[in-house]
Amino acid sequence: MAKKSSKTTKTKAKPPPDDDCVVPTRVPPEIATNYVVGSDPHAEQDIADYVAVQARGETITHVEKIRTEYVCGKAYEIWDVATDENQWWVITNLTNLYSKEYFPSLDFTLSFHIGLMHRLIERQEKESGRENAVPFDEIYRRREQAEDLLDESVEAEEFQAVGMQLRECLISLVLAVRRHAEFPEREDNPKAADFIGWVQALVNHLCPGASNKELRHYVNSGAKETWQLVNWLTHSRSANQAAASIALHGFDTVIGNLIQLLVRDRTDHTETCPKCSSRNIRSYYDAHIQPDGDYYSVCGACSWSNHPEVAPEIQGQ
């Protein structure tokens with residue numbers, strides 16, 4: 001029987017097809033910037049200024065917003081920034097930058113950022129009492145004393161002491177808000193010890209207008225009920241751990257509400273755009289605004305701005 005030949009026929013490799021497909025080289029960042037659609041120059045400048053401070057000596061060549069991620073109710077803006085020396089991720093809330101050399105994965109970088117910022121905020125709150133608490137250091141010091149009393153309380157009179165401490169906290173809170181809200185001195189002002197009357201007067205001052213009726217009612221009702229609970233706790237022979245703990249949490253809600261209104265009064269000068277009525281109002285800082293730098297607002301919907309160097313027609317005047 002004849003054997004089959006073991007010799008195999010070699011086939012020559014075919015040459016690559018002759019077509020017009022060309023893989024482009026990487027576009028330089030300074031060129032790519034010219035092709036970004038839907039840019040926000042104010043936000044881009046804000047991020048560029050931040051990177052310029054953090055990455056000293058580097059020249060910004062490209063700033064582009066990638067997307068916004070919402071995690072647990074917080075918005076995190078993700079930016080792609082290039083300089084003449086490095087590539088960076090910049091993530092907001094709180095703002096921080098990460099070298100792409102060490103953080104190549106955006107998803108990992110975002111997860112790392114959220115965890116890091118959470119720990120930083122937690123530490124800041126423990127060290128300073130609460131975020132935005134600087135004008136209220138005395139109140140938070142008293143509040144921490146009340147919490148220490150609660151942790152050590154066993155007998156009814158000890159829980160009553162917690163109520164007494166919280167009562168003093170509420171009175172001090174009204175004095176602090178009056179001072180920082182620059183509440184006018186009038187003859188018809190409530191008496192010094194009238195906590196409920198003062199809260200109503202301050203809320204009306206900080207949150208005026210018919211559109212804020214429900215908000216005023218909510219803040220006033222919470223403050224009134226907390227004040228009544230604290231006074232009951234101070235004098236009740238049946239005071240216990242549950243009642244004292246609820247009173248403490250009630251105080252936290254009251255001070256949080258009043259601080260929110262105080263901050264709103266100082267920062268929300270433009271709740272809606274005067275040109276298009278949008279609520280998409282963004283705040284930026286410009287160190288070049290005379291005399292010492294200042295914040296200005298921009299409408300994200302129509303680009304209206306109250307920057308002093310913006311043309312009157314853009315300001316809607």
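Residues numbered from 1 in each chain as written. Predicted model: local features only at pLDDT ≥ 70, side-chain atom pairs only at ≥ 80, totals over all residues. Heavy atoms only, no water.

Looking at where E85 falls in the secondary structure, it is placed in the loop between β2 (74-83) and β3 (87-91). Along the backbone, E85 and T61 are 24 residues apart, and their C-alpha atoms lie at a distance of 9.6 Å. Those residues in contact with E85 that sit more than four places away from it in its chain are G57 and E58. (Helix = DSSP H or I, 4+ residues; strand = E, 2+ residues; numbered from the N terminus. Contact = heavy atoms within 4.5 Å.)

Model confidence for the protein chain is summarised by a mean pLDDT of 81, while 79% of its residues fall at 70 or above. Per-residue pLDDT, averaged within each element of the protein chain, yields its smallest value for helix α9 (residues 312-315) (51) and its largest for helix α7 (residues 213-235) (95). Across residues 128-133, confidence stays below pLDDT 50; counting only partners more than four residues off in sequence or on other chains, it has twelve contacts. (pLDDT = per-residue confidence, 0-100.)

It is worth spelling out helix α6 (residues 195-206) at this point. Here α6 is twelve residues long and its end C-alpha atoms lie 16 Å apart, about the 16 Å a rise of 1.5 Å per residue gives. Within α6, the full set of buried residues consists of F195, G197, W198, V199, A201, L202, V203 and L206. (Expected span 1.5 Å × (residues − 1). Buried < 20%, exposed > 50% of the residue type's maximum accessible area, 1.4 Å probe, protein only.)

A word on the packing of helix α5 (residues 156-180) against α6. Where α5 contacts α6, the axes come no closer than 10 Å and their chain directions differ by 30°. Considered as vectors, α5 and α6 are oriented roughly parallel to each other. As for how α5 packs across α6, the hand of that crossing is left-handed. Only F195, W198, V199, L202 and L206 of α6 make contact with α5, whose side of the interface consists of L170, V174, V177 and R178. Residues belonging to the contact of α5 with α6 are distributed by class as follows: eight nonpolar, no polar and one charged. (Axes fitted to C-alpha atoms, helices over the stretch in contact; angles between N-to-C directions. Parallel < 35°, antiparallel > 145°, perpendicular 65-115°, else oblique. Left-handed = near helix turned anticlockwise from the far one by under 90°. Nonpolar A, V, L, I, M, F, W, Y, C, P; charged D, E, K, R; others polar.)

What follows covers empty space enclosed by the protein. Counted by the stated rule, this structure contains one cavity of 30 Å³ or more. Volume-wise, the largest cavity comes out at about 40 Å³. Lining of the largest cavity is provided by I171, V174, L175, R178, A192 and F195. A per-element tally of the lining of the largest cavity places α5 first, with four residues. Its residues assigned to classes, the lining of the largest cavity comprises five nonpolar, no polar and one charged. (1 Å grid on protein atoms, 1.4 Å probe; cavity = no way out; pocket = protein on both sides within 12 Å on 5 of 7 lines; lining within 4 Å. Points joined across faces, edges and corners; volume = space filled by probe spheres on them.)

The next thing to look at is the sheet that holds β2. Read across the open sheet, the four strands follow the order β1-β2-β3-β4; overall the sheet is antiparallel. Of all strands in the sheet, those bounded by a partner on one side alone are β1 (60-71) and β4 (96-99). Strand-to-strand twist of the sheet, defined as the mean angle between neighbouring strand axes without regard to direction, takes the value 20°. As judged from the five bridges shared by β2 and β3, these two strands associate in the antiparallel manner. When the sheet's bridge partners are listed, V81 is paired in β3 with W88. (Pairing = 2+ DSSP bridges.)

This part takes up the packing of aromatic side chains. Scanning the model with the defined rule gives seven aromatic pairs in all. Geometrically, the ring pair formed by Y98 and F103 is edge-to-face, given 5.2 Å between the ring centres and 65° between the ring planes. Summarising the burial analysis for this pair, Y98 and F103 share the class buried. Residues F103 and F112 carry aromatic rings whose centres are separated by 5.4 Å and whose planes lie at 50° to one another, so their mutual orientation is tilted. (Phe/Tyr/Trp six-rings, centres within 6.5 Å; stacked < 30°, edge-to-face > 60°.)

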